[in-house]
Amino acid sequence: MGAMINDKLTPAERARIRSTLEIRRAALRTEVKAQMEGSGDDRVVGLRNRLEETDDWAVADALAELDLAGLRHALDELTEVDAALARVGDDRYGVCTDCSDVIAPARLSAYPTATRCLECQQAHEAKPAGV
Ligand SMILES: [Zn+2]
């Protein structure tokens, strides 16, 4: 059995999680920009110029496609944080993608980008890689 319906996030918890995610996103964007500064790759320089002109983080997708070792982790996390921020305003946030049960608020506070409840996450991680 998963969490009960009255374990749903309160508006205050939701607001706190949103600000945690926004702070994390700003930190990740700063990290990505810093990594881009240090790159001599023409494609990265091109995307960096575009980002500076437009401040449009759609370039993050193009960057991710380049699959650069130094940027992969930050971009992966940035994608997760963006997705969580897109969900946090509506009822999809805090609902497990596997079993549709409510994810415990304590888990969401610790892992705001969590998309699965603890039980489903553990089951998922127990599977062999690639399944
Ligand atoms: Zn679940």
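Above this note sits the structure.
Residues numbered from 1 in each chain as written. Predicted model: local features only at pLDDT ≥ 70, side-chain atom pairs only at ≥ 80, totals over all residues.

**Some remarks on the overall build of the protein chain**
Here comes step 1: Counting its secondary structure elements, the protein chain contains six helices and zero strands.
Here comes step 2: Starting at the N terminus and ending at the C terminus, the protein chain contains elements arranged as α-α-α-α-α-α.
Here comes step 3: Once the C-alpha set of the protein chain is aligned to its principal axes, its extents read approximately 50 × 40 × 20 Å.
Here comes step 4: The buried share among the 131 residues of the protein chain stands at 20%. (Helix = DSSP H or I, 4+ residues; strand = E, 2+ residues; numbered from the N terminus. Buried ≥ 20, exposed ≤ 12 C-beta atoms within 10 Å, placed from the backbone.)

**Overview of helix α3 (residues 59-66)**
Here comes step 1: Residues of α3 that are buried include every one of V59, A60 and L63, and no others. Taken down its axis, α3 places every buried residue within 100 degrees of arc, on the same side. Turned more than 90 degrees away from the buried face of α3 sit D61 and E65, all of them exposed.
Here comes step 2: Buried residues in α3 make contact with α2 (42-54) and α4 (69-88).
Here comes step 3: Looking one or two residues beyond α3, the residue adopting positive phi is D67, at roughly 55 degrees. (Arc of directions from axis to C-beta. Contact = placed C-beta atoms within 7 Å.)

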